[in-house]
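Coordinates in review
What follows is each chain in one-letter form.
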2 protein chains.
Amino acid sequence: MNENQTEISSLGEFGLIDRLTEAITPVNEATALGVGDDCAILHYDGDKDILVTTDLLLENVHFDLTYVPLKHLGYKSAIVNFSDVCAMNGTPRQITVSLGISKRFTVEHIEELYAGIRLACEIYGVDIVGGDTSASHQGLVISITCIGDAPHGKAVRRSGAHDTDLICVSGDLGAAYMGLQLLEREKVASAGRTDFVPDFAGKEYLVERQLKPEARRDIVKALAEKGIQPTAMIDISDGLSSELMHICKESKCGCRIYEDRIPIDYQTAVMAEELNMNLVTAALNGGEDYELLFTVPLTDHEKVDKMEGVKVIGYICKEELGSAMITRDGSEFPLRAQGWNPLADADDSAN
Amino acid sequence: MNENQTEISSLGEFGLIDRLTEAITPVNEATALGVGDDCAILHYDGDKDILVTTDLLLENVHFDLTYVPLKHLGYKSAIVNFSDVCAMNGTPRQITVSLGISKRFTVEHIEELYAGIRLACEIYGVDIVGGDTSASHQGLVISITCIGDAPHGKAVRRSGAHDTDLICVSGDLGAAYMGLQLLEREKVASAGRTDFVPDFAGKEYLVERQLKPEARRDIVKALAEKGIQPTAMIDISDGLSSELMHICKESKCGCRIYEDRIPIDYQTAVMAEELNMNLVTAALNGGEDYELLFTVPLTDHEKVDKMEGVKVIGYICKEELGSAMITRDGSEFPLRAQGWNPLADADDSAN
């Protein structure tokens, strides 16, 4: 590498995006919100805001076909996009599906993958409206774009949280990460053996959270039914800590969350113990939970308290107070974004 | 490969897409047109139809960085999507840009690529509103989705051509293909030499057509200004013959085009002679011209005749008459879709 050249890993994903999209100013009236949130917001006219999000999934970077069945992969590929639309308080409506397919895949393989995508679409009421299909020289490439809608003005950004707002999270955290650890462990154990049967007994929930996540459209619906308009929202794909930092940065605020309020499933705790890992670290930094993290005005306290599957884990404070977790013993532990860096590990076996 | 498995190349791109998307029925009211045209058409409400298209570009399948400068690649990656929106009689408005980046690329490389994308967006008045960035183990991956609009009901599909409609084409054909031949020839000639200077003298137009195509938004504007509503439209990415067959298939009609009316640039003709290739074959089957192919009612004859850069090359006839070219000597030559098959050549060097 030339000395005037900068390694991409030195910037990280968000640093690179910031640099590439610097000083981009929308010129179209219809562009209400551009780069930098879970979705772009477009408002062409009428009563709807249109939400657009896209995800690129590459073999051996985002998924390992050693233990991910193609149908599950298809399902998850669709869900991660639906989740981004839900994270704007929206409803996913359409997707386009682009596939790069290498020679070792047959029509039947791709049908399996597509069956998973179609199942997710069926369950979530989403239409497949287009795509692109091409040969790939190196493994499977999946690029999905999702379009959704929200009533005009009701899409929730990352930037609207205010001092004293309550921080809420749906479901439980860390299970998908533990599922990944489990799958990786069984992969190592199975290497070179044909008689190997992976042992997931008592840990089915972890495996399911990793292989077959869901988008929390039910939470978006429940919020609307209860008349709660979140002030900021994001989905947890890179870990609670990282996502909370996004909200704080965009909203120019700080936060306090309580360690003992972070929702964690029993299986997650057992697995952490088995692997001798810190449970709270897994819940804070383990990604792919696809739960919703959102803030609501303090006045909605009673309403969110009554919501099933939603937990208040802390509150928003002034920016100068920083972002921290209050541990069980009452001390403050500064939050850091240790989410997965998709650019950290870019080797290039083919080039 | 198991004997019950089907090789993807046996179906081809369109066969595979047909099989995967079989019996997909949109469930959302907003989905006006799904899979199978240049764009999907969405109508959320209000006065606009929303158009969505997506393209996946993979290194060494769709582009060869030996002779494609990164800035040109970025420009072209955006343009091919704009072209699909123009092919619906629409205006491109927003794009999302997803990149898979392998380790040999630096920040400066990606900035070059992005500079090309941004230049195209600037010229065409399009906003970059999102994307995804990731490591790739498999060279450069570019996935762009474009959103555009057209006045409600004015988006033009492939399916609206009628008997007696005139077939029109913008610009000239075959030049991008000849540009590719030229670049490939110089690549071979340069192999292993450090002192090599490629010779493009007198062939600049061909190289430009290959490396820096444009989307014919000017034609879409001119059609609106002249009050012409095409009955069917498509952009020429896979070759005139292939695209015309798409219109005929979707519109359930046949066609006649005249060999001597196919617009061909002088440089294209010279290059074909030099390479000892059949010029008309290149114009019929050479791809990547990104010109617009459209049909208009016979009553618009005078109007299209007056349009600059548009040529009437034939007419639509009844389906049972088939699709044919009338050669210079007056004989009929049946048209076949010999466009580029992006799935024909899927080897898998890394897996």
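Given the structure is predicted, the values throughout are model-derived calculations rather than measurements.

1. With respect to the environment of B:Ser251
All names here are of chain B. Structurally, Ser 251 is set in helix H7 (residues 240-251). Through-space distance from the C-alpha of Ser 251 to that of Ile 50 is 22 Å; in sequence the pair is 201 residues apart. Dropping the residues within four chain positions of it, Ser 251 is found in contact with Arg 158, Ser 159, Gly 160, Ala 161 and Ala 232. Polar side-chain contacts of Ser 251 include one of 3.4 Å to the backbone oxygen of Ser 159. Among the polar contacts made by the side chain of Ser 251, one reaches the main-chain amide nitrogen of Ala 161 at a distance of 3.0 Å.

2. A few points about the packing of helix H2 (residues 70-86) of chain A against helix H3 (residues 107-124) of chain A
All names here are of chain A. Across the interface, H2 lies against H3 with an axial gap of 6 Å and an inter-helix angle of 40°. Taken as axis vectors, H2 and H3 run oblique relative to one another. In this structure, the crossing between H2 and H3 has a hand that is right-handed. Contact residues: Leu 70, Lys 71, Leu 73, Gly 74, Tyr 75, Ala 78, Ile 79 and Phe 82 in H2; His 109, Glu 112, Leu 113, Ala 115, Gly 116, Ile 117, Leu 119, Ala 120, Cys 121, Ile 123 and Tyr 124 in H3. In terms of residue class, the contact of H2 with H3 is made up of 14 nonpolar, three polar and two charged.

3. A look at the relation of the copies chain B and chain A
Once chain B is rotated about the relating axis by 180° and shifted along it by 0.0 Å, it coincides with chain A to within an RMSD of 0.1 Å. Here the copies are linked by what is in effect a two-fold axis. Mapped onto chain A, 100% of the interface residues of chain B are again interface residues, and the two copies thus contact each other with one and the same surface.

4. Some points on the packing of aromatic side chains
Residues and elements named next belong to chain A. All told, the structure shown has four aromatic pairs over all chains when counted by the stated rule. Look at Phe 82 and Tyr 124: their rings are 5.3 Å apart centre to centre, the planes differ by 50°, and that puts the pair in the tilted class. Taken as a pair, Phe 82 in helix H2 and Tyr 124 in helix H3 lie far apart in primary sequence, 42 residues in all. The same class applies to Phe 82 as to Tyr 124, namely buried. A cation over a ring is seen here: Lys 212 above Tyr 75, with NZ or CZ 4.4 Å from the ring centre.

5. Concerning the pattern of salt bridges
Summed over all chains, the structure comprises 40 salt bridges over all chains. Here A:Arg328 ties to A:Glu259 by a salt bridge, and the two come within 3.6 Å at their closest N and O atoms. With a gap of 69 residues between them, A:Arg328 in the loop between strand S12 (323-326) and strand S13 (332-334) and A:Glu259 in the loop between strand S9 (254-258) and helix H8 (266-274) connect regions that are remote in the sequence. With relative accessibility at 59%, the residue A:Arg328 sits in the exposed group. Taking the shortest distance from any N to any O, the salt bridge between B:Arg104 and B:Glu59 comes out at 2.3 Å. In this pair, B:Arg104 is assigned in the loop between strand S4 (91-101) and helix H3 (107-124) and B:Glu59 in the loop between strand S3 (48-58) and helix H2 (70-86), connecting sequence segments 45 residues apart. In this structure B:Glu59 comes out as buried when scored by relative accessible area, which is 5%. One continuous salt-bridge network, built from bridges that share partners, spans A:Arg185, A:Glu186, A:Lys203 and A:Glu274.

6. Examining the side chain of A:Asp37
Residues and elements named next belong to chain A. Here Asp 37 lies in the loop between strand S1 (31-33) and strand S2 (40-42). Within the local environment of Asp 37, its side chain forms a polar contact with the backbone nitrogen of Arg 158, the two atoms lying 2.9 Å apart. Not counting the four nearest positions on each side in its chain, Asp 37 is found in contact with Met 88, Arg 157, Arg 158 and Met 233.

7. Let's talk about the sheet that holds strand S11 (residues 310-317) of chain B
Residues and elements named next belong to chain B. Strand order across the open sheet formed by seven strands is S8-S10-S7-S11-S9-S12-S13, with mixed pairing between neighbours. In this open sheet, the two strands that pair with only one neighbour each are strand S8 (232-235) and strand S13 (332-334). Direction aside, the axes of adjacent strands within the sheet are offset by 25° on average. Pairing analysis gives five bridges linking strand S7 (residues 166-170) to S11, with the strands arranged antiparallel. Across the sheet, the residue bridging to Cys 168 is Val 312, located in S11. Across the face of the sheet, helix H6 (residues 217-225) comes into contact with S7, S8, strand S10 (292-296) and S11 while running at roughly 20° to S10. Sheet contacts for H7: S7, S8, strand S9 (254-258), S10, S11 and strand S12 (323-326); angle to S8, the most-contacted strand, approximately 150°.

8. Regarding the interface of chain B and chain A
Tallying the contact residues gives 90 residues for chain B and 92 residues for chain A. Buried area between chain B and chain A, both sides added, is near 7,800 Å², and the carbon and sulfur share of it is 56%. The largest contributions to the chain B side of the interface with chain A come from B:Tyr44, B:His137 and B:Gln138, which together make up 10% of the buried area. At the boundary of chain B with chain A, the tally comes to four salt bridges. Among the ionic pairs, B:Glu111 bridges to A:Arg19, the shortest N-O distance being 2.7 Å.

9. What to know about the side chain of A:Asp49
Residues and elements named next belong to chain A. For Asp 49, the location among the structural elements is in strand S3 (residues 48-58). Although Asp 49 is buried, it forms no salt bridge, and the closest oppositely charged side chain is Arg 157 at an N-O distance of 6.4 Å. At 2.9 Å, the side chain of Asp 49 and the backbone nitrogen of Gly 153 are in polar contact. If sequence neighbours within four positions are ignored, Asp 49 has contacts with Ile 41, Leu 42, His 43, Gly 148, Asp 149, Ala 150, Pro 151, His 152, Gly 153, Lys 154 and Ala 155.

10. Digging into empty space enclosed by the protein
Scanning all chains against the criterion turns up three cavities of 30 Å³ or more. Counted as a void, the second largest cavity has a volume near 50 Å³. Grouping the amino acids of the lining of the second largest cavity by side-chain chemistry returns five nonpolar, four polar and one charged.

11. Brief notes about the pairing of S7(B)
The side chains of a regular strand alternate, first on one face of the sheet and then on the other. Residue and element names in this part refer to chain B. With five of five residues buried, S7 lies mostly within the body of the structure. Taking every second residue as pointing to the same face, both faces of S7 are buried, with Leu 166, Cys 168 and Ser 170 on one and Ile 167 and Val 169 on the other. Note that S7 and S10 share four bridges and pair antiparallel. Paired with Val 169 across the strands is Leu 293, a residue of S10.

Conventions adopted
- Residues numbered from 1 in each chain as written.
- Chains lettered and ligands numbered in written order.
- Predicted model: local features only at pLDDT ≥ 70, side-chain atom pairs only at ≥ 80, totals over all residues.
- Heavy atoms only, no water.
- Helix = DSSP H or I, 4+ residues; strand = E, 2+ residues; numbered from the N terminus.
- Contact = heavy atoms within 4.5 Å.
- Polar contact = N/O pair within 3.5 Å; in protein donor to acceptor, adjacent residues only side chain to side chain.
- Axes fitted to C-alpha atoms, helices over the stretch in contact; angles between N-to-C directions.
- Parallel < 35°, antiparallel > 145°, perpendicular 65-115°, else oblique.
- Left-handed = near helix turned anticlockwise from the far one by under 90°.
- Nonpolar A, V, L, I, M, F, W, Y, C, P; charged D, E, K, R; others polar.
- Least-squares fit on C-alpha atoms with pLDDT ≥ 70 in both.
- Phe/Tyr/Trp six-rings, centres within 6.5 Å; stacked < 30°, edge-to-face > 60°.
- Buried < 20%, exposed > 50% of the residue type's maximum accessible area, 1.4 Å probe, protein only.
- Lys NZ or Arg CZ within 6 Å of the ring centre and 35° of its normal.
- Salt bridge = Lys/Arg side-chain N within 4 Å of Asp/Glu carboxyl O.
- Pairing = 2+ DSSP bridges.
- Buried area = accessible area lost by both parts, 1.4 Å probe.
- Lys, Arg positive; Asp, Glu negative; His and termini not counted.
- 1 Å grid on protein atoms, 1.4 Å probe; cavity = no way out; pocket = protein on both sides within 12 Å on 5 of 7 lines; lining within 4 Å.
- Points joined across faces, edges and corners; volume = space filled by probe spheres on them.

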